[in-house]
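Given next are the chains, with one letter for each unit.
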Amino acid sequence: MSSVPVVRVALPTPLRRLFDYRAEPAGDGPIMAGTRVRVPFGRRRLIGVAMETAASSDLPDERLKPVLETLDPQPIFDPATLALLGWAADYYHHPIGEVLAAALPKALRLGAAIDALEERWILTPAGLEAYTSGEPRRAPRQRQLLAGLAAGGLTAAELDEKLESWRDAARALTARGWLATVTLPPAGDAALPAGPLAVSPGPEPNDEQRLAIDRVCESLGAFAGFVLHGVTGSGKTEVYLRVVERALHLGRSALVLVPEIGLTPQLVDRFRRRFATPMAVLHSALTDHERLLAWREAFSGRARVVLGTRSAVFAPVPDLGVIIVDEEHDTSFKQHEGGFRYSARDLAVVRAQRGGVPVVLGSATPALETLQNVATGRYTRLLLTRRAAEAAPPRLSLIDLRSSAVRAGISTPAVQAIERHLAAGGQVLVFLNRRGYAPTLLCTACGWLAPCRDCDARLTVHLAAARLRCHHCGADSALPERCPQCGFAVKAVGQGTERIEETLATLFPGTPCIRLDRDVVRRRGDMEEAMRRMASGEARILVGTQMVTKGHDFPNVTLVVVLNADQGFFSSDFRAPERLAQTIVQVAGRAGRGAKAGEVLIQTEFPDHPLLRSLLAEGYDGFARVALAERSQAAWPPFSRLAAVRDSAKTAEAALAFLTEARRTAEDLRTARGSRTESRGIRLLGPAPAAMAKRAGRYHAQLLVENADRAALHRFLDAWLPALESLPSARRVRWALDVDPIEIF
Ligand code: ADP
Ligand code: ZN
Ligand code: ZN
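Residues numbered from 1 in each chain as written. Chains lettered and ligands numbered in written order. Predicted model: local features only at pLDDT ≥ 70, side-chain atom pairs only at ≥ 80, totals over all residues. Heavy atoms only, no water.

Between Glu-135 and Pro-136 the backbone carries a cis peptide bond, its omega angle lying at -20°. Positionally, Pro-136 belongs in the loop between helix H4 (125–132) and helix H5 (140–150). With omega at 5°, the peptide bond leading from Pro-637 into Pro-638 counts as cis. Along the chain, Pro-638 falls in the loop between helix H18 (610–634) and strand S29 (641–649). One non-glycine residue, Glu-327, lies in positive phi territory at about 55°. If you trace the backbone, Glu-327 turns up in the loop between strand S13 (320–326) and helix H12 (344–355). Of note, the phi angle at Ala-696 is positive, near 50°, even though the residue is not glycine. Within the secondary structure, Ala-696 sits in the loop between strand S30 (683–695) and strand S31 (698–707). (Helix = DSSP H or I, 4+ residues; strand = E, 2+ residues; numbered from the N terminus.)

Right, here's the structure in full:
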């Protein structure tokens, strides 16, 4: 026991604890919570974050090591964000050091300065003159460097990314007086004028929008949860913009979270055009350096709007005024890989609560959990029932696949409808959630089905590329012409988007058709190009996967055909029907966004399925009511709380062995004398192999833990996890806990 003042540091290790260090910074003042420090750890030196200070430590004096260095002049996490991270570590039962590591951009984890002055290379006036007159003529590298800097100064790091071996060229040009370096605060968006907030006007809100805007704006300054429920095109984004505008006028900032695929240049543009204020945009495609710059913009408060995907929920936002989560039902808000599995939507709500600001969860198809929170009064629902541009809602109907002629996946009624809409000058969207040419390659002689060597899955035929690919592990091989088993000819069976495109080309020769899926869209620009061709009417039919359902306007699409609505009914995941209904509503929302009413045809072999019926008869709300009643009966979330322990191993036996022991440990806890009553109410489901047990050469299994009461479940997990960590079989598998899992297999 030492009575020296200490600082408790979160370090990037899997240990669920903080580490005490003597709080002796090199001279200057006490170390504040939220500051990065460099400390000795074993034989290494690690960078961690000071979480709290204490007057004494349980460790004896001689075991206490000193902090080597403080990296920040002021905390990089404010107390509220630090508390949020601590809360997240508790709630997701994940080591605090790893939680902090997930929240910080890599550059900051490695020690980059948060408020560095940056050295930038710029053109001198002479350099600009030389460049515009086409000099230097015989040094292409120097010429490229001048061109690169003509639009504005760049840092060495930025130049490294743009231009190989630019340093020699820079030396030569500096010697001629054409280049110089200046030291400035990091630029980013800050190049925009500071000063009074300029707002360019948007459309006048309609009555429903006005009501929603007023309700949220009245709550600025205190926590309130809102669900902005409006079909695609009903003007949700417009509501966000108005609310953010109000917050900015009050001198506050806004945090806007969007799903990975929803962060399109159009959306960023819409925010940028509306507010002449710097914005920090954070998403997964940024380089480490770009992420650092964006983070600095947010941290310094220069960026008044922080717009980003999942991990942006941890971004610093001084003077936070409001949080918006767009497409709140989107599963990309849940991190479900790696160690720290969190829901950015749920953390956004917690952050709003702790920060005393309103949060707006927007969606055309709110998650059932979210609707249940509305039902219990936790959130207020704000409805947008009309489409802003006054288009009528689309008509949905089913095509019974059992009684219709089907050619290559497209039924006769669907073909006729496509003909009709094309003849009337409309555009058509054909949706199939499966990319590639065909999901199976079959030998008709011996029955061989091209399997993936490493997964319990079949290989998908990619005909144009002449490859066989596994969509689960990425395995990729040449497309064989003959059966490797018997030498007979092989045949592609079933449909993927590539094949549907081919079928449509034969059915509608001369009608330009484009395809949108991950095989054709490799870069952002590809998507833009497809959008442009649809917008200009150059293309008449669009075939695509999930990719077409997200937030893009196709005002002239009058018909949407959903080729296969049935995957959702065969899954072991109790959330599959919810996903299916969301997809159908989102795809349907692509139809008739312009002046014309749209038609939606859904092909199914189960036209009498109650969930499909309720969706058609009463829309998403009707579906939600039926689906929530089913969940309630089965005691699934939101009527219970769930956690999953998942593992994977080289053999199926090893994967099950660990979870079997884990279950036994749980049962012991449950029946131990003096065990708290809540342990007794814990329901254990499994262990069971995953529906696709073998993936990428490893065997996956899971054990579910369920309880009606959240607090009781968490107290149980607190007791159970340390026991799991000390199981010998834990070392033979890779395992992780997933609290509030959204995928059950
Ligand atoms: P959502 O986010 O719900 O899909 P948007 O906010 O993108 O809807 O609105 C859809 C379209 O309607 C956009 O082009 C938008 O500019 C326009 N819009 C939104 N609100 C109004 C309004 N009150 N009056 C006219 N047009 C509007
Ligand atoms: Zn064969
Ligand atoms: Zn595979």
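Perfect tetrahedral coordination of a metal by four donors corresponds to 109.5 degrees between them, and perfect octahedral coordination by six donors corresponds to 90 or 180 degrees. Surrounding the zinc ion (ligand 2) are the protein donor atoms Cys-443 (SG), Cys-446 (SG), Cys-483 (SG) and Cys-486 (SG), at 2.2 to 2.4 Å. Between the four donor atoms coordinating the zinc ion (ligand 2), the angles at the centre fall across 102 to 117°, so the site counts as tetrahedral. Counting the intervening residues between successive donors of the zinc ion (ligand 2) yields the motif C-x2-C-x36-C-x2-C. Linking Cys-446 in the loop between strand S20 (440–443) and strand S21 (460–462) with Cys-486 in the loop between strand S23 (476–478) and strand S24 (490–493), this pair joins segments that are 40 residues apart in sequence. Take Cys-446: its relative accessible area is 35%, and that puts it in the partly exposed class. Its relative accessible area of 42% is what places Cys-486 among the partly exposed residues. (Donors = N, O, S within 2.8 Å, 3.2 Å for Na, K, Ca; no water. Tetrahedral: all angles 85-135°; square planar, octahedral: opposite > 155°, others 65-115°. Buried < 20%, exposed > 50% of the residue type's maximum accessible area, 1.4 Å probe, protein only.)

Turning next to helix H14 (residues 412–423). Given a rise of 1.5 Å per residue, twelve residues ought to cover 16 Å, and the 16 Å separating the end C-alpha atoms of H14 matches this to within 8%. Buried within H14 are the following residues: Ala-414, Val-415, Ala-417, Ile-418, His-421 and Leu-422. Here the buried residues of H14 occupy an arc of 160° about the axis, which is enough to place them on one side. (Expected span 1.5 Å × (residues − 1). Arc of directions from axis to C-beta.)

Take the nonpolar core next. Ranked by size, the top nonpolar core spans 79 residues in total, and within it Phe-77, Phe-314, Ile-323 and Trp-720 carry the most contacts. With residues near it in sequence (within four places) discarded, Phe-77 still touches Ala-33, Gly-34, Val-49, Leu-82, Leu-85, Leu-100, Ala-103, Leu-104, Trp-295 and Phe-314. Val-587, Ile-602, Leu-615 and Ala-624 belong to the second-largest nonpolar core, a separate cluster that totals 38 residues. (Core = buried A, V, L, I, M, F, W, Y, C linked by side-chain atoms within 4.5 Å. Contact = heavy atoms within 4.5 Å.)

Under the defined criterion, the tally for this structure stands at 13 aromatic pairs. Ring geometry for Trp-87 against Tyr-91: centres 4.8 Å apart, planes inclined by 10°, an arrangement best described as stacked. Placement of the pair is Trp-87 and Tyr-91 together in helix H1 (residues 79–91), with a separation of four residues, close to one helical turn. Grouped by ring-pair contacts, the aromatic residues Trp-87, Tyr-91, Tyr-92, Phe-314, Phe-340 and Tyr-342 constitute a single cluster. (Phe/Tyr/Trp six-rings, centres within 6.5 Å; stacked < 30°, edge-to-face > 60°.)

With that settled, consider the coordination of the zinc ion (ligand 3). In the first shell of the zinc ion (ligand 3), the protein supplies Cys-452 (SG), Cys-455 (SG), Cys-470 (SG) and Cys-473 (SG), at 2.2 to 2.3 Å from the metal. Taken together, the four donor atoms surrounding the zinc ion (ligand 3) define angles of 104 to 113° at the centre, an arrangement classified as tetrahedral. A residue is classified by how much of its surface remains accessible, and Cys-452, at 6% relative accessible area, is buried.

This part covers the side chain of Thr-440. Among the secondary structure elements, Thr-440 is positioned in strand S20. On the basis of relative accessibility, which here comes to 10%, the residue Thr-440 falls in the buried class. Side-chain polar atoms of Thr-440 contact the backbone oxygen of Val-493, separated by 2.9 Å. With sequence-adjacent residues up to four places away left out, Thr-440 is seen in contact with Leu-449, Arg-458, Leu-459, Val-461, Lys-491, Ala-492 and Val-493. (Polar contact = N/O pair within 3.5 Å; in protein donor to acceptor, adjacent residues only side chain to side chain.)

On to the environment of Pro-728, then. Checked against the element boundaries, Pro-728 lands in the loop between helix H21 (710–725) and strand S32 (734–739). The partly exposed category is assigned to Pro-728, whose relative accessible area is 46%. Residues Pro-728 and Ala-708 lie 20 residues apart in sequence; the distance between their C-alpha atoms is 31 Å.

A few words now on the site of ligand 1. Within the structure, ligand 1 sits among 16 residues, and Glu-204, Gln-209, Gly-233, Thr-237 and Arg-270 are positioned closest to it. Between a nitrogen atom of ligand 1 and a side-chain N or O atom of Gln-209, the distance comes to 2.7 Å. Backbone polar atom of Lys-236 to an oxygen atom of ligand 1: 2.8 Å apart, as the coordinates give it. Against a free-state accessible area of 550 Å², the protein chains account for coverage of 74% of ligand 1. Take the shell around ligand 1: its biggest share by element is three residues, from helix H9 (residues 236–249). Classifying every residue of the shell around ligand 1 gives four nonpolar, seven polar and five charged. (Near = heavy atom within 4 Å. Areas by Shrake-Rupley, 256 points an atom, 1.4 Å probe, with all protein chains shown as cover. Nonpolar A, V, L, I, M, F, W, Y, C, P; charged D, E, K, R; others polar.)

Positionally, Gln-582 belongs in helix H17 (residues 576–588). A residue is classified by how much of its surface remains accessible, and Gln-582, at 5% relative accessible area, is buried. At 3.3 Å, the side chain of Gln-582 and the backbone oxygen of Thr-365 are in polar contact. The contacts of Gln-582, once residues within four sequence positions are left out, are His-329, Thr-365, Pro-366, Ala-367 and Tyr-620.

Glancing now at the packing of helix H19 (residues 652–671) against H21. Each pair of packed helices can be summarised by the angle the axes make with each other and by the distance between the axes. At a minimum axis separation of 10 Å, H19 and H21 run at an interaxial angle of 135°. Taken together, the axes of H19 and H21 are oblique relative to one another. The interaxial crossing formed by H19 with H21 has right-handed handedness. Facing Phe-658, Ala-662, Thr-665, Ala-666 and Leu-669 of H19, the residues of H21 in contact are Phe-716, Ala-719, Trp-720, Ala-723 and Leu-724. For the contact of H19 with H21, the residue count by class is nine nonpolar, one polar and no charged. (Axes fitted to C-alpha atoms, helices over the stretch in contact; angles between N-to-C directions. Parallel < 35°, antiparallel > 145°, perpendicular 65-115°, else oblique. Left-handed = near helix turned anticlockwise from the far one by under 90°.)

Turning our eyes to something else, we now look at the sheet that holds S30. Strand order in the open sheet formed by four strands is S30-S31-S29-S32, and the pairing between neighbours is antiparallel. The open sheet has two free edges, formed respectively by S30 and S32, since each of these has just one partner strand. Within the sheet, the average angular offset between the axes of one strand and its neighbour, ignoring direction, is 20°. Pairing of S29 with S31, which is carried by nine bridges, proceeds in the antiparallel orientation. In the strand pairing of S31, Arg-646 is matched with Gln-702. Contacts from H19 reach S29, S30, S31 and S32 within the one sheet, and its direction differs from that of S30 by about 170°. (Pairing = 2+ DSSP bridges.)

Geometric descriptors of this kind do not, in isolation, establish any biological role.
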